[in-house]
Structures are given as C-alpha cells and as structure tokens.
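Listed here are the chains, written in short residue letters.
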Amino acid sequence: MPKEMICSFCGKSIEPGTGRMYIGLRGEILWFCSSKCYKNSIKLSRKPRELKWVTKLSRKTI
C-alpha cells in the first residue's frame, strides 16, 4: 500500500498517484502537490516562509 507524501513546499498531504517528485543534483527527493508549488520552489527559488499565501510552513513562523 503506497504511503501518503507531504509537499516539500506548502506542507499539504499528497494522495498516492498524484503530485510531482523532483530529485535534486545531490540526491534529495522533493515532493510537490501542484505545479504552483513546483514552480515557486524550483524555478523561482522562493522560500515558503516569505510568501503571503498561507502555507503550513509560514504559519509556524508567525
């Protein structure tokens, strides 16, 4: 039975069979729930703590 993954950017749970897996140059595995999270993290190099739209990671720092 596949286990549920957690988005590396926003912290939402990802259902099995959905989402995107990204493997970095150093071998780290990052899971993303949507293309919005993928683009903000990888392509735009944004940090989830600094965004105005609410992520679980930004809620922890407030």
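Okay, so let's go over this structure. Small disclaimer: the values here were computed from a predicted structure and weren't measured.

### Examining the pairing of strand β4 (residues 29–32)
Right, on to step 1. Here four bridges tie strand β3 (residues 20–23) to β4, and the two strands are oriented antiparallel to one another. Counted as the bridge partner of Arg20 is Phe32 from β4.
Right, on to step 2. The antiparallel pairing of β3 with β4 creates a hairpin that spans five residues between the two strands, and Gly27 there sits at a positive phi of about 100°.

### Let's talk about the nonpolar core
Right, on to step 1. In terms of nonpolar packing, the biggest core is built from eight residues, these being Cys7, Phe9, Cys10, Ile14, Phe32, Cys37, Tyr38 and Leu51.
Right, on to step 2. Beyond its immediate sequence surroundings of up to four residues, Ile14 is in contact with Glu4, Met5, Ile6, Cys7, Gly19, Trp31, Phe32 and Cys33.

Conventions and cut-offs
- Residues numbered from 1 in each chain as written.
- Predicted model: local features only at pLDDT ≥ 70, side-chain atom pairs only at ≥ 80, totals over all residues.
- Heavy atoms only, no water.
- Pairing = 2+ DSSP bridges.
- Helix = DSSP H or I, 4+ residues; strand = E, 2+ residues; numbered from the N terminus.
- Core = buried A, V, L, I, M, F, W, Y, C linked by side-chain atoms within 4.5 Å.
- Buried < 20%, exposed > 50% of the residue type's maximum accessible area, 1.4 Å probe, protein only.
- Contact = heavy atoms within 4.5 Å.

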